[in-house]
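Summary of the model geometry
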Amino acid sequence: MSFDGSVILAALPAILSGLTVTLGIWVAATVLGIALGFVVAALRHFGPRPLGLSLRLVVEVLRGTPFLIQIFLLYFGGPFVGISLDPVPAGLLGLSVYAAAYFSEIFRAGFAAVPRGHVEAAQCVGLSQAQIVRRILIPEMTMLVLPQCVNMAVILVKETAVLSIIAVPEATAVISALGSQQYAFVESLFLLAIIYWGLVEACGRAGSALETRLSKFRFA
Amino acid sequence: MTAQLFELMLKAAGYTVVISAASIAIGLVIGILVCAAKLSPRPWLRWPASLFVSFFRGVPLLVQLLLIYNLLPAIGLTVPSIVAALIGLSLCTAAYQAENLRGGFQSVPRGLLEAADMAGLSPWQQFSRIRAPIALRLTVPALVNEAILILKASSLISVVGVIELTRTAQNLAASTYEPLLFYSVAGGLYLAINWLVAAGGSLTERALRRGRLA
């Protein structure tokens with residue numbers, strides 16, 4: 001096996017564009033997933049019971065099936081029910097919904113872990129439901145769920161690779177296509193592995209640093 | 001969907017279960033070795049083990065699978081795609097299981113080990129009678145969780161050409177032009193398998209708790 005580095009240098013612009021798509025989809029899906037996941041967790045916590053139960057069912061289905069099947073359903077099955085999406089929006093939507101299911105579980109556990117006494121104390125001093133959520137639940141929960149959220153973000157970087165299967169032009173698709181054009185599969189896949197490895201390690205380190213910085217806000 | 005096609009899907013689901021179970025088992029063996037290396041006092045064992053865990057947990061499984069699938073022929077090993085898939089799944093789960101086991105070993109209460117020491121148990125007896133059984137019991141929930149993750153992740157081996165549940169659904173969706181139906185059925189089958197595994201896991205946990213000594 002020969003290792004040809006010049007292949008990689010010549011294709012740098014293509015690699016960078018693939019990386020941009022990966023990073024863009026990752027960040028967007030993480031942000032959307034957190035927002036949607038929070039809404040789902042809040043509805044399950046505060047909403048009417050039938051709504052909570054049906055959301056629970058949706059979350060269980062999303063967490064119990066492979067992401068690849070979900071994305072196939074959306075991308076190939078979607079047009080049959082009037083949802084025709086291009087690969088990038090389909091990938092972004094699919095990954096965000098998938099992420100939301102996991103984030104909602106993290107937040108649900110977070111809500112449950114905030115000591116009841118704090119909420120009761122807030123009710124006693126006359127805070128409204130909205131104020132309790134904004135001033136007590138969210139700040140206290142944030143510290144509790146931060147490690148799992150970082151962990152989920154790391155899982156999501158890795159899941160973006162799956163989107164290459166529905167032809168989203170992200171890093172895995174671009175770099176492995178490059179490999180087959182240049183007949184340098186092993187070189188390009190090694191490069192790809194190193195890129196993801198670096199991203200995951202960086203995300204993990206950033207997460208730990210953030211936890212340390214925010215640890216002064218920890219209440220318990 | 002005809003009964004015949006459904007039977008095809010069921011068989012493919014069985015294949016998915018067999019491949020996942022094999023990967024979990026192989027991964028457990030490798031994971032035990034890696035965990036032992038990581039807990040070893042010798043740095044030349046610890047370092048490679050840490051690198052192994054970090055790499056296989058830091059790279060998407062899809063990239064690992066493509067890498068192994070293309071690397072093996074490049075170094076002169078021509079193997080069927082199922083072998084490449086099994087190697088990929090096993091190595092990936094081994095890295096996660098090694099970390100789970102390490103967590104289990106580190107959560108064994110120190111007091112129990114001190115008591116064993118006081119009672120005059122040899123280091124090997126302490127390991128085989130106290131540390132290992134307790135650590136393994138503490139790892140059971142994580143192992144069940146890992147089994148579910150691998151069952152879902154095994155859908156990715158369809159990409160390297162293994163005809164398991166996802167690939168079968170793909171083939172049938174393409175030939176019948178009914179993607180909604182076949183992907184939904186595949187999703188339902190994954191869900192059913194995972195629920196069974198989770199139920200089996202909680203039964204095992206309950207049985208272990210009943211048999212607990214302390």
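Residues numbered from 1 in each chain as written. Chains lettered and ligands numbered in written order. Predicted model: local features only at pLDDT ≥ 70, side-chain atom pairs only at ≥ 80, totals over all residues. Heavy atoms only, no water.

Further remarks concern the overall build of chain B. Scanning chain B from N- to C-terminus turns up 8 helices and 0 strands. When the helices and strands of chain B are read in sequence order from the N terminus, they spell out α-α-α-α-α-α-α-α. Out of the 214 residues belonging to chain B, those deemed buried represent 43%. Intrachain contacts of chain B at a sequence separation of at least 6 include 74% that bridge at least 24 residues. (Helix = DSSP H or I, 4+ residues; strand = E, 2+ residues; numbered from the N terminus. Buried < 20%, exposed > 50% of the residue type's maximum accessible area, 1.4 Å probe, protein only. Contact = heavy atoms within 4.5 Å.)

Turning next to helix H7 (residues 165-176) of chain B. Residue and element names in this part refer to chain B. Compared with an ideal rise of 1.5 Å per residue, which puts 12 residues at 16 Å, H7 spans 16 Å between its outermost C-alpha atoms and is within 8% of the ideal. Where H7 begins, the capping side chain belongs to glutamate 164, and its oxygen is found 3.2 Å from the backbone nitrogen of threonine 166. Of the residues one or two after H7, tyrosine 177 is the one with positive phi, at around 60°. (Expected span 1.5 Å × (residues − 1). Polar contact = N/O pair within 3.5 Å; in protein donor to acceptor, adjacent residues only side chain to side chain.)

Turning to the UniProt feature "transmembrane region" (unreviewed entry) in chain B, a few remarks are in order. Residue and element names in this part refer to chain B. According to UniProt, the "transmembrane region" (unreviewed entry) feature falls on residues 12-37, 49-69, 75-96, 134-160 and 180-203. Along residues 12-37 one finds 100% helix and 0% strand; the C-alpha atoms at either end are 37 Å apart. Between the C-alpha atoms that bound residues 75-96 the distance is 27 Å, and the span itself is 73% helix and 0% strand. (UniProt positions renumbered as here; feature names shortened; annotations may be inferred.)

Bringing the packing of aromatic side chains into the picture now. Here the structure, examined in full by the defined rule, presents 15 aromatic pairs over all chains. Their ring planes at 85° and their centres at 5.0 Å tell us that tryptophan 197 of chain A and phenylalanine 55 of chain B sit as a pair that is edge-to-face. In this pair, tryptophan 197 of chain A sits in helix H9 (residues 185-214) while phenylalanine 55 of chain B sits in helix H2 (residues 43-58), so the two residues belong to two different chains. For tryptophan 197 of chain A, a relative accessible area of 19% gives the class buried. Aromatic pair phenylalanine 52 of chain B and phenylalanine 56 of chain B: ring centres 4.8 Å apart, planes at 45°, arrangement tilted. (Phe/Tyr/Trp six-rings, centres within 6.5 Å; stacked < 30°, edge-to-face > 60°.)

Turning next to the UniProt feature "domain: ABC transmembrane type-1" (unreviewed entry) in chain B. Feature annotation in UniProt assigns "domain: ABC transmembrane type-1" (unreviewed entry) to the following positions: residues 13-198 of chain B. Note that residues 13-198 of chain B is 83% helix and 0% strand, and that its end C-alpha atoms are spaced 17 Å apart.

This part covers the packing of H9 of chain A against H2 of chain B. In helix packing, the relevant descriptors are the interaxial angle and the interaxial distance, both defined with respect to the helix axes. Contact geometry for H9 of chain A and H2 of chain B: axes closest at 8 Å, N-to-C directions at 100°. Viewed along their axes, H9 of chain A and H2 of chain B adopt a mutual orientation that is roughly perpendicular. In contact with Ala193, Tyr196, Trp197, Val200 and Glu201 of chain A of H9 of chain A, H2 of chain B contributes Leu51, Ser54, Phe55 and Gly58 of chain B. Across the contact of H9 of chain A with H2 of chain B, the residue classes tally to 6 nonpolar, 2 polar and 1 charged. (Axes fitted to C-alpha atoms, helices over the stretch in contact; angles between N-to-C directions. Parallel < 35°, antiparallel > 145°, perpendicular 65-115°, else oblique. Nonpolar A, V, L, I, M, F, W, Y, C, P; charged D, E, K, R; others polar.)

The next point concerns the pattern of salt bridges. Scanning all chains against the criterion turns up 7 salt bridges over all chains. Of the charged contacts in the structure, one is a salt bridge between glutamate 99 of chain B and arginine 102 of chain B, with a shortest N-O distance of 3.0 Å. Placement of both glutamate 99 of chain B and arginine 102 of chain B in helix H4 (residues 81-106) is noted, with a separation of 3 residues, approximately one turn of the helix. Take glutamate 99 of chain B: its relative accessible area is 16%, and that puts it in the buried class. Arginine 110 of chain B is paired through a salt bridge with glutamate 114 of chain B; the nearest N and O atoms lie 3.7 Å apart. Residue arginine 110 of chain B and its partner glutamate 114 of chain B are located together in helix H5 (residues 110-118), separated by 4 residues, close to a single helical turn. Judged by relative accessible area, arginine 110 of chain B falls into the exposed class, the value being 60%. The class for glutamate 114 of chain B is partly exposed, based on a relative accessible area of 45%. What emerges from the salt-bridge pattern is a single network uniting Arg44, Glu105 and Arg108 of chain A. (Salt bridge = Lys/Arg side-chain N within 4 Å of Asp/Glu carboxyl O.)

This part is about the UniProt feature "transmembrane region" (unreviewed entry) in chain A. Here, UniProt's "transmembrane region" (unreviewed entry) annotation points to residues 23-43, 55-76, 88-107 and 188-208 of chain A. As a span, residues 23-43 of chain A carries 100% helix and 0% strand, and end to end its C-alpha atoms are 30 Å apart.

Compared with the 16 Å implied by 1.5 Å per residue over 12 residues, the 16 Å span of helix H8 (residues 171-182) of chain A between its first and last C-alpha is a close match. As for H8 of chain A, its buried residues are in contact with helix H2 (12-46) and H9 of chain A together with helix H3 (61-74) of chain B. Once H8 of chain A finishes, tyrosine 183 of chain A follows within two positions and takes phi at roughly 55°, a positive value.

Moving on: the confidence of the model for chain A. Looking at chain A, pLDDT values average 89 and 95% of them are 70 or higher. Per-element averaging of pLDDT across chain A places helix H1 (residues 5-10) of chain A at the bottom with 70 and helix H4 (residues 67-77) of chain A at the top with 95. (pLDDT = per-residue confidence, 0-100.)

Another aspect to go through is the interface of chain A and chain B. Counting residues at the interface gives 32 residues for chain A and 33 residues for chain B. Interface area for chain A against chain B, summed over the two sides, is near 2900 Å², with a carbon-plus-sulfur share of 80%. On the chain A side of the contact with chain B, Ile69, Lys158 and Trp197 of chain A bury the most area, a combined 20% of that side's loss. Linking chain A to chain B there are 7 residue pairs in polar contact (both at pLDDT 80 or more). Those elements that place two or more of their residues in the side of chain A that touches chain B are helix H3 (49-64), H4 and H9 of chain A. By residue number, the principal contributor to the side of chain A that touches chain B is H9 of chain A, which donates 10 residues. Considered class by class, the residues forming the side of chain A that touches chain B number 23 nonpolar, 5 polar and 4 charged. (Buried area = accessible area lost by both parts, 1.4 Å probe.)

Looking now at the nonpolar core. Judged by nonpolar contacts, the single largest core of 111 residues is most densely connected at Phe103 and Leu156 of chain A together with Met9, Phe52, Ile157 and Leu165 of chain B. Here this core takes 12 residues from helix H7 (residues 129-160) of chain A, the largest share from any one element. Once you skip the residues sitting within four places of it in the chain, leucine 165 of chain B turns out to touch Met9, Ala12, Ala13, Thr16, Ala186, Leu189 and Tyr190 of chain B. The next biggest cluster of nonpolar side chains, apart from the first, holds 5 residues, and it includes Val40, Leu55, Leu62 and Ala101 of chain A. (Core = buried A, V, L, I, M, F, W, Y, C linked by side-chain atoms within 4.5 Å.)

Residues and elements named next belong to chain A. For serine 96, the location among the structural elements is in helix H5 (residues 87-113). Accessibility expressed as a relative area gives 5% for serine 96, which makes it buried. With near-sequence residues (within four places) excluded, serine 96 lies in contact with Ala29, Leu32 and Gly33.

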